[in-house]
Amino acid sequence: QLQLVESGGGLVQPGGSLRLSCAASGFSLLSYTIGWFRQAPGKGREGVSCISSYGGSTNYADSVKGRFTISRDNAKNTVYLQMNSLTPEDTAIYYCAFDVFGRRCESLAPSGFGSWGQGTQVTVSS
């Protein structure tokens, strides 16, 4: 069984921060490249960030670069997404998934990832 569980979402004001968690069930997360994705109302799923196995490489969408940071806690088998300076455009359901092809974050396209979690809602509003 390969299962990922997202948590940490919530309601924040513009300029605020949240830290999302992606916890693994059924496999060791540190050996996989993990991506964060989001889907806003009426929009398709888009790649947000990625961290390679053992954390050697990272990648960020232009829209979040400089504001979001992806990291790993191997002891907790968890990948985090620290989100700062949030704007209403960041409002979405956020998902994590692993790279099916074992790449090192050269692509943020959702089609290359699998084992999607249930998602966690992030709402940025005044």
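Residues numbered from 1 in each chain as written. Predicted model: local features only at pLDDT ≥ 70, side-chain atom pairs only at ≥ 80, totals over all residues. Heavy atoms only, no water.

1. A short note on the side chain of R67
At step 1: As for its position among the elements, R67 is in the loop between β6 (58-60) and β7 (68-73).
At step 2: The exposure class assigned to R67 is buried, which follows from its relative accessible area of 17%.
At step 3: Ignoring sequence-local partners within four residues, the contact set of R67 consists of Q82, M83, N84, S85, L86, T87 and D90. (Helix = DSSP H or I, 4+ residues; strand = E, 2+ residues; numbered from the N terminus. Buried < 20%, exposed > 50% of the residue type's maximum accessible area, 1.4 Å probe, protein only. Contact = heavy atoms within 4.5 Å.)

2. Brief notes about the state of the cysteines
Two cysteines form a disulfide when their sulfur atoms are joined by a covalent bond.
At step 1: Under the definition given, this model contains two disulfides.
At step 2: The connectivity of the disulfides in the protein chain is 1-3, 2-4, where the numbers refer to bonded cysteines in sequence order. (Disulfide = S-S within 2.5 Å.)

3. Focus on the nonpolar core
At step 1: In this structure, I34, W36, F68, V79, L81, M83 and Y94 are the most contacted members of the largest nonpolar core, which totals 33 residues.
At step 2: Those elements giving two or more residues to this core turn out to be β3 (18-25), β4 (34-39), β5 (46-51), β7, β8 (78-83), β9 (92-99) and β11 (120-124). (Core = buried A, V, L, I, M, F, W, Y, C linked by side-chain atoms within 4.5 Å.)

4. Here's the deal with the pairing of β9
At step 1: For β9, the tally of buried residues reaches seven of eight residues, placing the bulk of the element in the interior.
At step 2: Note: β4 against β9, six bridges, orientation antiparallel. Across the sheet, Q39 pairs through a bridge with I93, a residue of β9.
At step 3: In this structure, β9 lies alongside β11, joined through three bridges in antiparallel fashion. In the strand pairing of β11, A92 is matched with V122. (Pairing = 2+ DSSP bridges.)

5. Notes on the sheet that holds β7
At step 1: The strand order β1-β3-β8-β7 describes an open sheet built from four strands, whose pairing is antiparallel. Across the chains shown, the open sheet's two edge strands, defined by having one partner strand only, are β1 (3-7) and β7. Adjacent strand axes in the sheet meet at a mean angle of 20°, parallel and antiparallel pairs treated alike.
At step 2: Here β1 pairs with β3 via five bridges, running antiparallel. Directly across from E6, in β3, lies its bridge partner C22. (Axes fitted to C-alpha atoms, helices over the stretch in contact; angles between N-to-C directions.)

6. Digging into the side chain of R72
At step 1: Turning to its location among the elements, R72 is positioned in strand β7.
At step 2: Here S52 takes part through its backbone oxygen, which lies 3.0 Å from a polar atom of the side chain of R72.
At step 3: Here R72 is in contact with L29, L30, Y32, T33, I34, I51, S52, S53, Y54, G55, T78 and V79, once residues within four sequence places are set aside. (Polar contact = N/O pair within 3.5 Å; in protein donor to acceptor, adjacent residues only side chain to side chain.)

Note that every value here comes from positions in space, so none of it alone points to a role or purpose.
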